[in-house]
Amino acid sequence: MGRRILFVTTDQQRYDTLGCNGGTVGRTPVLDRLAAQGVRYERAVPQSVVCMPSRSTMITGQHPSTHGVWMNGVALPADAPSVATELHRHGYRTALIGKPHFEPFLDPFGRFVENRLADLGVPTLSGPAADGVPGPHRGFEHMEAASHTPMGPLHYARYLQREHPEHLDGFYAVLDRDLEVNADGGGASGAPQVKDNPIPREWYHTDWVADRTIAWLDSLDDGDDWFAWMSFPDPHHPWDPPASELGRVDWRDVPLPEGYVTDAAERERILDDKPRHWRLWYDGALVSNYEAPTRWVPATLTADQVREVNARNAVEVELIDEAIGRVLAAVSARGWDDDLDVIMTTDHGELQGDFGLLFKGPYHVDGLMRLPLIWRPAPSAGVAPAAVTAPVGLVDLAPTFTSIAGLPTPEWMEGRALPVSDVDAAERGAERALTEWDSEIFGVEVHLRTITRDGWVCTTYAPGTVHDGTEGELYDLADDPLQRVNRWDDPAVRAQRDDLISDLRDHLPAVRGPRRPLDAPV
């Protein structure tokens with residue numbers, strides 16, 4: 001009998017939404033307790049700041065240039081390397097419950113396995129893995145999928161359509177009649193992607209994901225080793241949690257975030273000091289990410305709208321924290337506590353008012369790039385609690401899972417097992433994290449490559465629709481934690497910039513094979 005693994009992911013969650021990371025708007029006692037008992041990472045960096053490439057990195061342990069999912073809407077091949085396959089082949093029971101998003105959601109013809117399972121009524125399908133050996137889809141013997149909407153073919157949507165059809169219209173309509181991301185506002189402030197949702201809490205997708213995870217755990221034998229990926233769709237927009245829970249946080253009392261620049265002239269001056277696509281998006285002149293509503297102009301965002309979005313986000317985070325607590329109680333009831341590793345993170349962050357912006361896109365700053373990451377090793381492992389300040393990446397998750405299972409790191413993984421202290425990080429050379437962005441949508445191309453190292457964040461640009469390839473961003477996190485001063489052209493730090501660029505180029509993996517096709521917008 002080995003160590004069991006509960007891998008908890010959320011979608012689009014900021015570092016500072018957890019109490020253990022300094023958050024004050026929402027309450028997260030369960031995750032705060034896990035952080036106090038384990039290892040909390042202060043500079044966890046995604047390899048992409050958008051869902052599908054980032055989640056593909058989690059399961060493969062590879063950078064986007066290697067696994068080939070270069071933007072949302074590009075499917076991860078069904079036979080791509082998977083850490084779940086490695087664990088399953090070595091005796092682990094494996095499940096993914098919640099949001100997978102390795103394949104596009106917009107799939108009207110049912111081309112992709114994850115969109116077919118609910119209607120087929122089977123827990124998985126068999127197919128060849130990366131080495132050609134047949135096995136369950138991506139290594140998961142059991143999958144139940146959910147997203148942010150009750151529409152479509154995923155398990156949670158079919159559950160609501162079947163059991164509670166009266167609540168389908170209570171959710172925010174993610175797409176408008178033109179199949180564009182909806183820009184409609186709601187709530188008290190008229191904030192975009194906000195709606196009062198009358199659904200009872202117990203039927204909302206957060207509790208559904210926890211319920212289905214508990215049901216799967218209940219199906220296991222006491223002696224089973226298992227890997228459960230519990231993947232919550234929240235706190236990703238739209239912000240439409242159960243209306244019954246909104247009283248947890250009064251949006252009128254929510255302080256404006258540090259990253260929100262209250263003076264419009266100063267805000268615009270800061271944006272003008274960054275590459276052109278920042279200001280163009282703020283003015284509504286250019287959109288480079290499908291999930292940002294094309295008909296919404298960020299310059300219209302008000303302080304009250306920022307407060308209401310942050311309040312609803314905090315409500316969603318509180319519900320997730322409580323759902324995790326219920327699952328941990330179920331694990332405890334089975335007597336699995338002492339040998340359970342819990343790892344919690346998210347795929348990328350959310351701007352949430354920083355620089356007067358919402359959502360996400362090609363903006364490599366802390367709102368999107370600094371993630372919550374907690375590893376509570378199994379008590380039986382005897383790992384001392386710690387806070388790690390060295391940069392780590394989501395690319396390091398897959399090798400961490402194999403390490404927990406006592407397996408060697410496969411050659412195709414590009415990360416390394418997470419360090420358990422800064423001393424461990426230094427001894428094993430954990431000094432940099434790399435992030436990529438490529439997008440070609442709405443006739444707009446944007447290409448970024450970023451290195452996080454030594455307290456600096458350095459981003460290079462390739463030629464695109466509004467960039468000529470000479471632009472860049474350089475931030476000193478010690479002196480400028482809010483990343484308001486772009487020092488790319490500052491001669492005083494030219495040597496630092498050039499060293500970071502050289503290091504970035506030396507460590508970026510080469511792009512493998514022909515570029516994979518864009519199958520859908522998301």
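No experiment lies behind these values; they were computed from the predicted model shown. (Residues numbered from 1 in each chain as written. Predicted model: local features only at pLDDT ≥ 70, side-chain atom pairs only at ≥ 80, totals over all residues. Heavy atoms only, no water.)

### Let's talk about the overall build of the protein chain
1) Next: In terms of regular secondary structure, the protein chain is built from 14 helices and 18 strands.
2) Next: Over its C-alpha atoms the protein chain spans a radius of gyration of 22 Å, differing by no more than 12% from the 24 Å that the globule rule assigns to 522 residues.
3) Next: For the protein chain, contacts bridging at least 24 residues in sequence account for 73% of all contacts bridging at least 6.
4) Next: A total of about 18400 Å² of accessible surface is found on the protein chain, and carbon and sulfur atoms cover 50% of it.
5) Next: For the protein chain, the distance from the average position of its 48 positive side-chain charges to the average position of its 81 negative side-chain charges is 1 Å. (Helix = DSSP H or I, 4+ residues; strand = E, 2+ residues; numbered from the N terminus. Rg over C-alpha atoms; globule rule 2.2 N^0.38 Å. Contact = heavy atoms within 4.5 Å. Areas by Shrake-Rupley, 256 points an atom, 1.4 Å probe, with all protein chains shown as cover. Lys, Arg positive; Asp, Glu negative; His and termini not counted. Charge placed at Lys NZ, Arg CZ, Asp CG, Glu CD.)

### A closer look at the sheet that holds strand S12 (residues 374-376)
The strands making up a sheet associate through backbone hydrogen bonding, with each pair oriented either parallel or antiparallel.
1) Next: Sheet architecture is open: eight strands sit in the order S7-S4-S10-S1-S11-S12-S2-S13, paired in mixed fashion. Sheet topology places strand S7 (142-145) and strand S13 (386-388) at the edges, where each strand pairs with a single neighbour. This sheet shows a mean twist of 10 degrees between the axes of neighbouring strands, independent of strand direction.
2) Next: Across the sheet, helix H12 (residues 397-404) touches strand S1 (4-11), strand S10 (226-235), strand S11 (340-346) and S12, and the angle it forms with S11 is around 175 degrees. (Pairing = 2+ DSSP bridges. Axes fitted to C-alpha atoms, helices over the stretch in contact; angles between N-to-C directions.)

### Some remarks on unusual backbone geometry
1) Next: Aspartate 234 connects to proline 235 through a cis peptide bond whose omega is 0 degrees.
2) Next: On the secondary structure map, proline 235 appears in strand S10.
3) Next: Following histidine 237, the chain continues into proline 238 via a peptide bond in cis, with omega recorded as 5 degrees.
4) Next: Along the polypeptide, proline 238 turns up in the loop between S10 and helix H8 (264-272).
5) Next: Look at glutamine 483: it is not a glycine, yet its phi comes out positive at around 55 degrees.

### A closer look at helix H14 (residues 494-507)
1) Next: Spanning 14 residues, H14 covers 20 Å between terminal C-alpha atoms, matching the ideal 20 Å at 1.5 Å per step.
2) Next: Of the positions making up H14, those classed as buried are Arg497, Leu500, Ile501, Asp503 and Leu504. Down the axis of H14, the sector holding all buried residues measures 165 degrees, keeping them to one side. With respect to the buried face of H14, the exposed residues turned more than 90 degrees away are Ala495, Arg505 and Asp506.
3) Next: Of the surrounding elements, those touching the buried residues of H14 are strand S15 (432-441), strand S16 (444-453), strand S17 (456-461) and strand S18 (472-476). (Expected span 1.5 Å × (residues − 1). Buried < 20%, exposed > 50% of the residue type's maximum accessible area, 1.4 Å probe, protein only. Arc of directions from axis to C-beta.)

### Considering the pairing of S15
1) Next: Summarising burial for S15: eight of the 10 residues are buried, a large majority.
2) Next: Here S15 runs beside S16; their pairing, made up of 10 bridges, is antiparallel. Its bridge partner lying in S16, threonine 435 is registered against threonine 450.
3) Next: The loop that links S15 with its antiparallel partner S16 comprises two residues; one of these, phenylalanine 442, has a positive phi angle of about 55 degrees.

### Description of the nonpolar core
1) Next: In this structure, Tyr41, Phe227, Trp229, Leu397 and Phe401 are the most contacted members of the largest nonpolar core, which totals 47 residues.
2) Next: Taken together, the elements giving at least two residues each to this core come down to S1, strand S2 (39-41), helix H2 (51-60), helix H4 (83-89), S10 and H12.
3) Next: Counting residues in each nonpolar core, the second largest holds 42 residues, with Val8, Tyr159, Phe232 and Ile374 among its members. (Core = buried A, V, L, I, M, F, W, Y, C linked by side-chain atoms within 4.5 Å.)

### Some words on the pairing of S7
1) Next: The two faces of S7 match: His142 and Glu144 on one face and Met143 and Ala145 on the other face are all buried.
2) Next: By the bridge criterion, four bridges tie strand S4 (residues 93-98) to S7 in an arrangement that is parallel. Paired with glycine 98 across the two strands is alanine 145, which belongs to S7.

### Considerations on the side chain of glutamine 193
1) Next: Along the chain, glutamine 193 falls in the loop between strand S9 (191-192) and helix H7 (205-218).
2) Next: By relative accessible area, which is 0% here, glutamine 193 ends up buried.
3) Next: Those residues in contact with glutamine 193 that lie beyond four places of it in its chain are Tyr172, Val174, Val181, Asn182, Asp184, His237, Pro238, Trp239, Pro293 and Phe359.

Take it as geometry only, folks, not as evidence of what the structure does.
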